[in-house]
Amino acid sequence: MNDEYFMEMALNLAKKGIGLTNPNPLVGAVIVKDGKVIGKGYHEKYGENHAEINALNNAKEDVYGATMYVNLEPCSHFGNVPPCVNRIIESGIKKVVIAMEDPNPVVSGKGIQILKENGLEVKVGVLKKEAEKLNEIFIKYISTGKPFVILKVAMSLDGKIATYTGDSRWITDKRAREYVHILRQRVSAILVGVNTVIVDDPMLNTRLNNIECKDPIRIILDSHGRIPLKSNVLNTNSSNTIVVVTNNAAEENIKAIEKTGGEVMITPVKDGKVDLQFLMGKLGERKIDSLLIEGGGEINFSFLKEKLVDKVIFFIAPKIIGGETSKTPVEGKGVEYLKDAIDLKDITMCKIGDDIMVEGYLS
Ligand code: AOF
Ligand code: ZN
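For clarity, every value in this text was computed on a predicted model and none was experimentally measured.

1. Brief notes about the UniProt feature "active site" (unreviewed entry) in the protein chain
Following the UniProt record, the feature "active site" (unreviewed entry) maps to Glu-52 here. Contacts of Glu-52, omitting those with residues within four sequence positions, involve Ala-29, Met-68, Val-70, Pro-74, Cys-84, Arg-87 and Ile-88.

2. A closer look at the pairing of strand S9 (residues 241-246)
Each regular strand carries side chains that alternate between the two faces of the sheet. Taken across its six residues, S9 has five buried, putting it largely inside the fold. Relative to S9, strand S8 (residues 217-221) runs parallel, the two being bridged by four bridges. Considered in S9, the bridge of Ile-220 is made with Val-243. Pairing of S9 with strand S10 (residues 263-267) involves five bridges; the strand directions are parallel. When the sheet's bridge partners are listed, Val-244 is paired in S10 with Met-265.

3. Quick notes on the sheet that holds strand S15 (residues 344-352)
As summarised here, the arrangement of the nine strands in space is S10-S9-S8-S7-S13-S6-S14-S16-S15, forming an open sheet in which the pairing is mixed. Looking at the sheet topology across the chains shown, the edges are occupied by S10 and S15. For this sheet the average axis-to-axis angle between neighbouring strands, irrespective of direction, equals 20°. Note: strand S7 (residues 189-193) against strand S13 (residues 290-293), three bridges, orientation parallel. Across the sheet, the residue bridging to Ala-189 is Leu-291, located in S13. Most of the contacts of helix H11 (residues 276-285) go to S10, to which it runs at about 135°, and overall it touches S7, S9, S10 and S13.

4. Quick notes on the pairing of S7
Of all five residues in S7, five are buried, a share of seventy percent or more. Every second residue of S7 is oriented toward a common face, with Ala-189, Leu-191 and Gly-193 on one face and Ile-190 and Val-192 on the other, all of them buried. In this sheet, S8 lies alongside S7 in parallel orientation, the contact comprising five bridges. For Leu-191, the partnering residue across the bridge sits in S8 and is Ile-219.

5. Quick notes on the site of ligand 1
Contacts to ligand 1 come from 17 residues, most closely from Asn-24, Val-27, His-50, Gly-79 and Asn-104. The residue makeup of the shell around ligand 1, split by class, is nine nonpolar, seven polar and one charged.

6. Description of the packing of helix H2 (residues 51-58) against helix H3 (residues 84-91)
Geometry of a packed helix pair, given as the angle between the helix axes and the separation of the axes. Following both chains from N to C, one finds H2 and H3 inclined at 30°, their axes separated by 9 Å at the closest point. Relative to H3, the element H2 is oriented roughly parallel. As H2 runs across H3, the sense of the crossing is left-handed. Contact residues: H2 offers Glu-52, Ile-53 and Leu-56, while H3 offers Cys-84, Arg-87, Ile-88 and Ser-91. By residue class, the composition of the contact of H2 with H3 is four nonpolar, one polar and two charged.

7. Section: the nonpolar core
Judged by nonpolar contacts, the single largest core of 54 residues is most densely connected at Ile-220, Val-244, Leu-291 and Ile-293. The biggest single contributor to this core is strand S6 (residues 148-156), with seven residues. Residues in contact with Leu-291, not counting those within four places in the same chain, are Pro-147, Val-149, Val-187, Ala-189, Leu-191 and Leu-283. Of all hydrophobic cores here, the second largest spans 41 residues; its members include Ala-10, Val-27, Ala-66 and Leu-72.

Cut-offs applied
- Residues numbered from 1 in each chain as written.
- Chains lettered and ligands numbered in written order.
- Predicted model: local features only at pLDDT ≥ 70, side-chain atom pairs only at ≥ 80, totals over all residues.
- UniProt positions renumbered as here; feature names shortened; annotations may be inferred.
- Contact = placed C-beta atoms within 7 Å.
- Buried ≥ 20, exposed ≤ 12 C-beta atoms within 10 Å, placed from the backbone.
- Helix = DSSP H or I, 4+ residues; strand = E, 2+ residues; numbered from the N terminus.
- Pairing = 2+ DSSP bridges.
- Axes fitted to C-alpha atoms, helices over the stretch in contact; angles between N-to-C directions.
- Near = placed C-beta within 6 Å.
- Nonpolar A, V, L, I, M, F, W, Y, C, P; charged D, E, K, R; others polar.
- Parallel < 35°, antiparallel > 145°, perpendicular 65-115°, else oblique.
- Left-handed = near helix turned anticlockwise from the far one by under 90°.
- Core = buried A, V, L, I, M, F, W, Y, C linked by C-beta atoms within 7 Å.

If you want it as structure tokens, here you go:
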């Protein structure tokens, strides 16, 4: 068995923590002795043991002389828990194979350095790309203090998100819609505009069979505080709801929203609307490391225009809707020339049921 084999095992263990560790990373660790796995662990929940400690605690044999595979550099700082490097050194592990350095400025390289200074052999970079992809949210958040923003769209083959009458349920098939709930499980918050609340009255929670679900915080962009007080997002308490208004919103609207139990966040006005840059800073301060935008065309364009989107996920249904007034996924004014179009990189594509999913990143 080679290093990649055991690192893949560590990455798969790390994935078990999806949705439960935010804003901390997804980490898995595997301990191998004489070619045999003797301990496994992963970071199960925010604030609890790191993966390395769980793997050491779960080891079925003496780990003296063994190799640890872990997808993130072991930590060297005192945070919610003591430094993992101390426990690794004390345990007698002789080699640590790491997929990627920790982008957290309080660790970045220090964990590796301490291991080496204590005579351990360290190998860095095994399945680095896969590890970076798994922790794309953590990398962005820990290095900028702002959430990783995913823009999700479900559209027809001819680029419509509704018919000319506004009928939009459902464009994509059941399987693609289930995948959206996996995305909701992954992120800390989900964002829509008040018009979506008025028209669709969604719950914006996570509904998945078979797994423990975590509902993202619901964020509603509502410059003037027009949200209907009877809407589902204000009356189902699966998770908190933050209604984001501008400082132009009427005081009585703010009070009425607060009375329902919803939280109101006030931002400065930019172009007559919520100042999105300001909002991202505030969400980061509240440890919201990731945001899924399920808004309409106006909101999608605003986020793209402000260069706040990190990743897009487009579900394309094999349907043709037509109609010059039928809504499209990105509206607003658009760009003037093709040279100004938003280019995506690292594109991947797959089929989910009969729908196509395209993922890409913004530079
Ligand atoms: C984790 N889980 O398995 C590893 C982490 O807030 P703390 O004390 O739990 O520390 C979080 C930091 O520890 C995190 O930002 C990352 O730098 C490092 N490694 N964190 O939550 C883990 N290995
Ligand atoms: Zn640690």
